[in-house]
Amino acid sequence: VFSRTTGAAAILVILFRGSGRLKFYVPGFLRADLGTIGRIFKIGLPAGVEQVQFQLAMTIYTVIISSLGTKILAAHSIAMRIESLAFMPGFGFGMAAMTLVGQSLGAGQPDLGERAASLSQKYAMLVMSLVGVFMFIFGAEMASLFISDPRVIALSALALKIWAVAMPLMGTSNTLAGGLRGAGDTRRVLLIMTCCIWIIRLPLAYLLALILKVGPVGAWIA
């Protein structure tokens, strides 16, 4: 909490001083601008709903995993922690695409925005492919940093091998979704992500892991 408070205070100091491109003007900041508020909600609400439904879906997904046993849940949690670090490059390229597309459209240069998104996607695929190879080869070594139980380490490594296949595709998804968000098209991203999670991931995970008894491998493949 102290860390977050310090960070927020530092950002506010920078904005009130106007040392960057933006500066807070208190009377203007407090004045209600209904047109701007409407644009903010039009873009922000779908993005917020996307994150809420994603977290809800991940909770249900974790319930499916936890029903398979505590060691499997431990292995899944460790693999998820490693994966969350692994997809940071894809997240970074997605932020770059979002920023560059937004700037290009604001400058009236949509062709430049399209090129920026395309290049970001290509670089993201390349970097995330290398990350996937690293995960596939060194999954057990990375998992052993968290726990000494050989069964949990083996399961975590197996999860990482399966997820390694998705790394370049995750880079593509994050980058192009960032480009769409930069263009203000958060509704379409919401629709795609919702369909992928609620129509594919959760039903397939339940079917493979619990109905067909494939176990955690089925959930990870889903």
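Just above, that's the structure.
From a predicted model like this one, the values you see are computed outputs, not experimental measurements.

S.K.: So what's going on with the overall build of the protein? Residues and values would help.
M.R.: Regarding its fold elements, the protein presents 10 helices and 0 strands. A buried classification covers 31% of the 222 residues belonging to the protein. Of all intrachain contacts in the protein linking residues separated by at least 6 positions in sequence, the fraction that spans at least 24 positions is 74%. Summed over its atoms, the accessible surface of the protein is roughly 13,700 Å², and 71% of this surface lies on carbon and sulfur atoms. Across the protein, 18 positive and 8 negative side-chain charges occur, with their mean positions spaced 5 Å apart.

S.K.: How would you explain the nonpolar core if you had to name every residue and give the values?
M.R.: Judged by nonpolar contacts, the single largest core of 31 residues is most densely connected at Tyr61, Met135, Leu160, Trp163, Met167 and Trp220. Broken down by secondary-structure element, the contributors of at least two residues to this core are helix H3 (34-66), helix H4 (70-86), helix H6 (110-143), helix H7 (150-164), helix H8 (167-182), helix H9 (186-211) and helix H10 (216-221). The element best represented in this core is H7, accounting for 7 residues. In this structure, tyrosine 61 is in contact with His76, Arg201, Leu202, Ala205, Ala219 and Trp220, ignoring residues within four places of it in sequence.

S.K.: Give me the lowdown on the environment of glycine 102, citing residues and values where you can.
M.R.: Looking at the secondary structure, you find glycine 102 in helix H5 (residues 88-106). With a relative accessible area of 26%, glycine 102 lands in the partly exposed category. In sequence terms glycine 102 and isoleucine 200 are 98 residues apart; their C-alpha atoms lie 31 Å from each other.

S.K.: Which residues make up the side chain of glutamate 50, and what are the values?
M.R.: Here glutamate 50 shows up in helix H3. For glutamate 50, a relative accessible area of 7% gives the class buried. Beyond its immediate chain neighbours, meaning those up to four positions away, glutamate 50 contacts Arg181, Val189, Leu190 and Met193.

S.K.: Tell me about unusual backbone geometry, residues and numbers included.
M.R.: Most of the time, phi is negative for any residue but glycine, and the peptide bond is trans. Here the phi dihedral of lysine 213 falls at roughly 60°; this positive angle occurs in a residue that is not glycine. Mapping lysine 213 onto the fold places it in the loop between H9 and H10. What makes lysine 213 exposed here is its relative accessible area of 67%.

S.K.: Which residues make up the pattern of salt bridges, and what are the values?
M.R.: Within this structure, the stated rule accounts for 3 salt bridges. Residues arginine 181 and glutamate 50 are paired through a salt bridge, measuring 2.7 Å at the closest nitrogen-oxygen approach. One end of the pair, arginine 181, is in helix H8; the other, glutamate 50, is in helix H3, and 131 residues separate them in sequence. We classify arginine 181 as partly exposed; its relative accessible area is 24%. The salt bridge involving aspartate 185 is made with arginine 188; its shortest N-O contact spans 3.2 Å.

S.K.: Mind laying out the packing of aromatic side chains, listing which residues take part and the relevant values?
M.R.: For the coordinates displayed, the defined rule picks out 2 aromatic pairs. Between phenylalanine 134 and phenylalanine 138 the ring centres are 4.9 Å apart and the planes differ by 45°, which places this aromatic pair in the tilted class. Taken as a pair, phenylalanine 134 and phenylalanine 138 lie in helix H6 at a separation of 4 residues, close to a single helical turn. The partly exposed category is assigned to phenylalanine 138, whose relative accessible area is 37%. Centre to centre, the rings of tryptophan 163 and tryptophan 220 are 6.3 Å apart; their planes meet at 80°, and the pair counts as edge-to-face. One end of the pair, tryptophan 163, is in helix H7; the other, tryptophan 220, is in helix H10, with 57 residues separating them in the sequence. The side chain of lysine 161 reaches across the aromatic face of phenylalanine 136, ending 5.4 Å from its centre.

About the thresholds
Residues numbered from 1 in each chain as written. Predicted model: local features only at pLDDT ≥ 70, side-chain atom pairs only at ≥ 80, totals over all residues. Heavy atoms only, no water. Helix = DSSP H or I, 4+ residues; strand = E, 2+ residues; numbered from the N terminus. Buried < 20%, exposed > 50% of the residue type's maximum accessible area, 1.4 Å probe, protein only. Contact = heavy atoms within 4.5 Å. Areas by Shrake-Rupley, 256 points an atom, 1.4 Å probe, with all protein chains shown as cover. Lys, Arg positive; Asp, Glu negative; His and termini not counted. Charge placed at Lys NZ, Arg CZ, Asp CG, Glu CD. Core = buried A, V, L, I, M, F, W, Y, C linked by side-chain atoms within 4.5 Å. Salt bridge = Lys/Arg side-chain N within 4 Å of Asp/Glu carboxyl O. Phe/Tyr/Trp six-rings, centres within 6.5 Å; stacked < 30°, edge-to-face > 60°. Lys NZ or Arg CZ within 6 Å of the ring centre and 35° of its normal.

Geometric values such as these leave the question of function open.
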